[in-house]
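The chain contents come next:
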Amino acid sequence: MTISYEWRGDFDNAEVDALHAEAFRHGGSGADRRSRVRRHSLGWVCARRAGALVGFVNVAWDGGVHAFVLDTMVSRELRGAGIGTGLVAAAAREARAAHCAWLHVDFEERLSAFYVEACGFRPTAAGLIPLS
């Protein structure tokens, strides 16, 4: 299986919306994700197999030294094949190239094996205020 990873790769809203709906188990939102990431992100990584989008991660940032992994998603049929790890590795490489010193991620406890063990994040204490 050949997977290609592309930093700031081109994508259309429908394919990312469908992948997001599958990854986070909801109906599609119809959001203009393409405009959103182009306007607010350091970048993003698209993973493709035979031209089809099979993975995506957004990398937000503070305009300085902090980058943030958001919405790591891989198609259900390919989970466990290392694609998510490849997405995060590409995101880390590109954030480092942009002179970021830190790559942050928030995740649910059930995802620790992925983020801590597979991707190499170090657990830290963090806080959260729900706004809705």
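Our subject is the structure that appears above.
Residues numbered from 1 in each chain as written. Predicted model: local features only at pLDDT ≥ 70, side-chain atom pairs only at ≥ 80, totals over all residues. Heavy atoms only, no water.

### Structural notes on the pattern of salt bridges
Part 1: Applying the stated rule across the entire model yields six salt bridges.
Part 2: Across the salt bridge formed by Arg-34 and Asp-10, the nearest N and O atoms sit 2.7 Å from each other. Within this pair, whereas Arg-34 is found in helix 2 (residues 33-40), its partner Asp-10 is found in the loop between strand 1 (4-7) and helix 1 (13-24), the two being separated by 24 residues in sequence.
Part 3: Overall, Arg-34 belongs to the partly exposed group, its relative accessible area being 31%.
Part 4: For the salt bridge of Arg-49 with Glu-77, the shortest nitrogen-to-oxygen distance reads 3.0 Å. Of this pair, Arg-49 sits in strand 2 (residues 41-49) while Glu-77 sits in the loop between strand 4 (66-74) and helix 3 (83-97), and the two are 28 residues apart along the sequence. (Salt bridge = Lys/Arg side-chain N within 4 Å of Asp/Glu carboxyl O. Helix = DSSP H or I, 4+ residues; strand = E, 2+ residues; numbered from the N terminus. Buried < 20%, exposed > 50% of the residue type's maximum accessible area, 1.4 Å probe, protein only.)

### Remarks on the packing of aromatic side chains
One pair of aromatic rings is described through two measures. These are the centre distance and the angle between the planes.
Part 1: For the structure shown, the criterion picks out five aromatic pairs.
Part 2: Between Phe-107 and Tyr-115, the aromatic rings sit 5.0 Å apart at their centres with planes inclined by 20 degrees, giving stacked as the arrangement.
Part 3: Accessibility expressed as a relative area gives 29% for Phe-107, which makes it partly exposed.
Part 4: Arranged with centres 6.0 Å apart and planes meeting at 70 degrees, the rings of Tyr-115 and Phe-121 form a pair that is edge-to-face. We note that Tyr-115, like Phe-121, is buried. (Phe/Tyr/Trp six-rings, centres within 6.5 Å; stacked < 30°, edge-to-face > 60°.)

In short, shape yes, function no, at least from these values alone.
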